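What follows is the residue order along each chain.
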Amino acid sequence: MAGEAASTVLSFEGREVRITHPDKLYFSKARISKLDLVRYYLSVAPGAVAGIQDRPVVLKRFVNGAEGEAFYQKRAPAQRPRWLRTVTLSFPSGRTAEEIVVDDAAGLAWIVNLGCIELHPHPVRSGNLVHPDELRIDLDPGPGVNWTDVCHVALEVRELLESLGLRGWPKTSGSRGMHVNVRIEPRWTFAEVRRAAVALSRAVERRVPALASSKWWKEERHGVFLDYNQNAKDRTTCSAYSVRPLPDARVSTPLHWHEVPDCDPADFTIFTIPERFAKIGNPHADMDAAPGLLEKLLELAEKDETAGLGDAPWPPHFRKMEGEAARVAPSRAKSAVKKPRVKMPLIVVANSPDKGAALAGLERWKRKHTGIAGFLTVDDVLVDSMRGRSSTWTRIRVNLRHVPEALRPTQEIPDPDDDPTREWREWRRKRADK
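Keep in mind it's a predicted model, so treat the numbers as computed, not measured.

J.: Is there a simple way to explain the nonpolar core in this structure?
T.: Across soluble globular proteins, nonpolar side chains have a tendency to be buried as a group. Residues Leu 108, Ile 137 and Leu 294 are the most contacted members of the largest nonpolar core, which totals 90 residues. Each residue touching Leu 108, except ones within four places of it in the same chain, is listed here: Tyr 41, Ala 45, Ala 48, Val 49, Ile 52, Val 102 and Leu 119. With 14 residues, the next largest nonpolar core counts Val 349, Ile 372, Leu 400 and Val 403 among its residues.

J.: Sorry, what's going on with helix α5 (residues 190-207) here?
T.: For an α-helix, the turn length of 3.6 residues means that residues three or four places apart are oriented alike. For α5, which comprises 18 residues, the first-to-last C-alpha distance of 26 Å matches the rise-based estimate of 26 Å (1.5 Å per residue) to within 8%. Counting buried residues in α5 gives 13 out of 18 residues, a clear majority hidden from the surface.

J.: Any chance you could explain the packing of aromatic side chains here in plain terms?
T.: What characterises a pair of aromatic rings is the spacing of the ring centres plus the angle enclosed by the ring planes. What the rule picks out here adds up to five aromatic pairs. The interplanar angle of 50° and the centroid separation of 6.1 Å between the aromatic rings of Trp 216 and Tyr 228 together place this pair among those described as tilted. One end of the pair, Trp 216, is in the loop between β13 (212-213) and β14 (224-226); the other, Tyr 228, is in the loop between β14 and α6 (273-280), and 12 residues separate them in sequence. Here the two residues Trp 216 and Tyr 228 agree in accessibility, since each one is buried. Centroid distance Phe 225 to Tyr 228: 6.4 Å. Interplanar angle 80°. Geometry classified as edge-to-face. Like Tyr 228, Phe 225 is buried. Members of the aromatic cluster, each reached through a chain of ring pairs, are Trp 216, Phe 225 and Tyr 228. In this arrangement the basic side chain of Arg 221 is found over the ring face of Trp 216, its NZ or CZ atom lying 5.9 Å from the centre. The residue whose ring lies beneath Arg 221 is Phe 225, and the NZ or CZ to ring-centre distance is 3.7 Å.

J.: I would appreciate a short explanation of the environment of Ser 173 in the present structure.
T.: Its place among the elements puts Ser 173 in the loop between β11 (169-172) and β12 (178-183). A relative accessible area of 6% places Ser 173 in the buried class. Along the chain, Ser 173 and Val 251 lie 78 residues apart, while their C-alpha atoms are 7.6 Å from each other. Beyond its immediate sequence surroundings of up to four residues, Ser 173 is in contact with Met 178, His 179, Cys 238, Arg 244 and Ser 252. Among the polar contacts listed, one links the side chain of Ser 173 to the backbone nitrogen of Ser 175, at a separation of 3.0 Å.

J.: Where do I start with the side chain of Asp 304 in this structure?
T.: If you trace the backbone, Asp 304 turns up in helix α7 (residues 295-306). The residues contacting Asp 304, other than those within four sequence positions of it, are Ala 199, Arg 202, Arg 206 and Leu 309.

J.: Explain the pairing of strand β8 (residues 96-101) here, please?
T.: The two faces of a sheet get side chains in turn, since along a regular strand they alternate between them. By the bridge criterion, two bridges tie strand β5 (residues 56-61) to β8 in an arrangement that is antiparallel. Residue pairing across strands places Val 57 opposite Ile 100, the latter belonging to β8. Two strands pair when backbone bridges link them, and strand β7 (residues 85-90) and β8 are joined in this way by six bridges, in the antiparallel orientation. By the bridge assignment for β8, Thr 88 is matched with Glu 98.

J.: I keep staring at helix α3 (residues 105-113) and nothing clicks. Help me out?
T.: With eight of nine residues buried, α3 lies mostly within the body of the structure. Looking at α3, one finds that the buried residues are Ala 106, Gly 107, Leu 108, Ala 109, Trp 110, Ile 111, Val 112 and Asn 113. Two residues or fewer past α3, Gly 115 is found with a positive phi of approximately 100°.

J.: Help me understand the pattern of salt bridges in this model?
T.: Oppositely charged side chains are able to pair whenever their charged atoms sit close together. Under the defined criterion, the tally for this structure stands at 30 salt bridges. Across the salt bridge formed by Glu 156 and Arg 207, the nearest N and O atoms sit 3.0 Å from each other. Separated by 51 residues along the polypeptide, Glu 156 in helix α4 (residues 147-163) and Arg 207 in helix α5 bring together distant segments of the chain. In this structure Glu 156 comes out as buried when scored by relative accessible area, which is 15%. Exposure remark for Arg 207: the relative accessible area of 36% places this residue in the partly exposed category. Of the charged contacts, one joins Asp 415 and Arg 364 as a salt bridge, the two residues approaching to 2.9 Å between their closest N and O atoms.

J.: Explanation requested: unusual backbone geometry in the structure shown.
T.: It is generally the case that most residues other than glycine have a negative phi and that most peptide bonds are trans. The linkage connecting Asp 415 with the following residue, Pro 416, adopts the cis geometry, with an omega of 0°. Mapping Pro 416 onto the fold places it in the loop between β17 (392-399) and α10 (422-433). Positive phi, normally seen in glycine, also occurs at Arg 31, with a value near 60°. Tracing the backbone through its elements, the reader meets Arg 31 in the loop between β3 (25-27) and β4 (32-33). A relative accessible area of 56% places Arg 31 in the exposed class.

J.: Teacher, can you tell me more about the sheet that holds β12 here?
T.: Paired through their backbone hydrogen bonds, the strands of a sheet run either parallel or antiparallel. Taken in spatial order, the five strands of this open sheet run β11-β12-β10-β14-β13, and their pairing is mixed. Unpaired on one side and paired on the other, β11 and β13 mark the two borders of the sheet. In this sheet, β14 lies alongside strand β10 (residues 134-141) in antiparallel orientation, the contact comprising three bridges. The residue bridging Leu 139 from the neighbouring strand is Leu 226, located in β14. Here α5 sits on the sheet in contact with β10, β13 and β14, set at roughly 40° to β10.

The rules we used
- Residues numbered from 1 in each chain as written.
- Predicted model: local features only at pLDDT ≥ 70, side-chain atom pairs only at ≥ 80, totals over all residues.
- Heavy atoms only, no water.
- Core = buried A, V, L, I, M, F, W, Y, C linked by side-chain atoms within 4.5 Å.
- Buried < 20%, exposed > 50% of the residue type's maximum accessible area, 1.4 Å probe, protein only.
- Contact = heavy atoms within 4.5 Å.
- Helix = DSSP H or I, 4+ residues; strand = E, 2+ residues; numbered from the N terminus.
- Expected span 1.5 Å × (residues − 1).
- Phe/Tyr/Trp six-rings, centres within 6.5 Å; stacked < 30°, edge-to-face > 60°.
- Lys NZ or Arg CZ within 6 Å of the ring centre and 35° of its normal.
- Polar contact = N/O pair within 3.5 Å; in protein donor to acceptor, adjacent residues only side chain to side chain.
- Pairing = 2+ DSSP bridges.
- Salt bridge = Lys/Arg side-chain N within 4 Å of Asp/Glu carboxyl O.
- Axes fitted to C-alpha atoms, helices over the stretch in contact; angles between N-to-C directions.

Right, dumping it as structure tokens:
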């Protein structure tokens, strides 16, 4: 950008951090510059540092801002301050990497200057890299799942944890989901912590089978997926007070449990969180005070295994694990019974290059057809990311299979109806007709 400052130097108790290209826009719609992002993190530094302190951090870098493509950088840059620590991590592949460890606000500002819009720490401390001190419960809603259902599942997670003598600490993911983190004593391996997470996911699914799913394959999921594989070694999730690369610059925000039922993730942005932090502080400030034990969760895992539930699928880049079933989607397995395809009564309600505009169109359609909306299940709303000739766009369809035929609305003009491939398809149709 012509005329922008070349750099700005910030001082932190004798340490200097140079912010390069401070005026560079990182969020174009919200008009947030790189320096604005750094200042946000400094305004909540006690909370943001607490989420990553003494942990190896994977650098997820958005060098062209939130709208640009990001890349993951595990290895610490060769050019770094002498006061910035590193540790050497080993990975399932057998490789190792020297990763950054952030201890204070100066280190936080330094990695944000690299383009790290969000923060991705490992669930281990630098002094014990093989035993996690955090069980991570990632609630990932499927297409069409309401936020109220996410909150409902989170509260079920809380009750289950408390029955097992564990305390969960909730935070919004900064997108559509929620995270519940559990501080544990660092005495179990990554495989054992993941095994506990599998047992927890299955137990929550049994408690609310209509809302929660522990199934890895998307074709088997419904409702809110509890992603147990976030506890596999080498996996990271965004930490507390991380800004997410969404147009409104939402923040992954720590919550008190009493806030969960009525909270709205859209309320937590880079513009609102500093005031909230100044007013109430960090709801997770006492997270390290009483680490819990995994014995009861591992007993649940043993009961599941005795009942015939083997290991759940691992991420695709992991080697095949002992006891793991065939790593193939059930419908593609050789033993799968091929069912005849049934044409579903689908209608298109919205087309747009802007996913937010498409989802707003879905809400308008629901208000227009209030009489049938009650027949729909969460799996009846299909939000598809479509690939155009040079970009992607969002198509939203509604499956009317559960709506009585006499009440089913006919296909209307979608609202909005911005299908970027329409002209090209019309051209092809006319050419074929000639």
